[in-house]
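Given next are the chains, with one letter for each unit.
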Amino acid sequence: MVANPKRQALEKLSEYVSHKNQDLGFETNSATWDIARDIFQGSKGSEFSSAVNASDTWTGPLANTSAEDTKTDVDAVDTVFSDLLDRINAAITALPEELDESDPAVNWPNESE
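Being a predicted model, the structure only gives us computed values, none of them experimental.

1. Some words on the confidence of the model for the protein
Averaged over all residues, the pLDDT of the protein equals 83, while 84% of them reach at least 70. Least confident of the elements in the protein is helix α2 (residues 31-40), whose mean pLDDT is 49; most confident is strand β1 (residues 2-3), at 95.

Here is the structure:
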């Protein structure tokens, strides 16, 4: 038995995407974190939008609209990046950790299919 090279590559990709999500301030995509974040500090979109409509920056009806648009857009980006990580991790889970040495998948990405 040998390590599955495709799974190893996806694990590296998952780690990379996870770190990039953290760099952007999207801490994690776990359900527990999402619930705690929403209860205690709001979404990332709420964090950014609060600066748009603040007494020391800009207030008024247009500021309200801009703040809501900012919240919606940032939360949408958060969802896209979180979903990407979920899909990568689902692909990892679907692959075996080890392969028989005779399996053509051992030669991934150069396997013949």
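Back to the text.
2. What about the pattern of salt bridges?
Inspection of the entire model under this criterion finds three salt bridges. Between R7 and E11 there is a salt bridge, with the nearest N and O atoms lying 3.2 Å from each other. Of the two residues, R7 and E11 both sit in helix α1 (residues 5-23), four residues apart, roughly one turn of that helix. Given a relative accessible area of 13%, R7 falls into the buried group. Across the salt bridge formed by D75 and K71, the nearest N and O atoms sit 2.8 Å from each other. Of this pair, D75 and K71 both sit in helix α4 (residues 61-94), four residues apart, roughly one helical turn. When its relative accessible area of 25% is taken as the criterion, K71 is described as partly exposed.

3. Comments concerning the side chain of S49
Within the fold, S49 resides in helix α3 (residues 44-52). With a relative accessible area of 10%, S49 lands in the buried category. A distance of 3.2 Å separates the side chain of S49 from the backbone oxygen of S46, its partner in a polar contact. Beyond its immediate chain neighbours, meaning those up to four positions away, S49 contacts A67, T70 and K71.

4. Re the nonpolar core
Counting five residues, the largest nonpolar core is built from L10, V17, L85, I88 and I92. Of all the elements in the fold, those that place two or more residues in this core are α1 and α4. Here this core gets three residues from one element, more than from any other, and that element is α4. Those residues within four positions of V17 in sequence are excluded, and the remaining contacts are L84, L85 and I88.

The rules behind each value
Residues numbered from 1 in each chain as written. Predicted model: local features only at pLDDT ≥ 70, side-chain atom pairs only at ≥ 80, totals over all residues. Heavy atoms only, no water. pLDDT = per-residue confidence, 0-100. Helix = DSSP H or I, 4+ residues; strand = E, 2+ residues; numbered from the N terminus. Salt bridge = Lys/Arg side-chain N within 4 Å of Asp/Glu carboxyl O. Buried < 20%, exposed > 50% of the residue type's maximum accessible area, 1.4 Å probe, protein only. Polar contact = N/O pair within 3.5 Å; in protein donor to acceptor, adjacent residues only side chain to side chain. Contact = heavy atoms within 4.5 Å. Core = buried A, V, L, I, M, F, W, Y, C linked by side-chain atoms within 4.5 Å.

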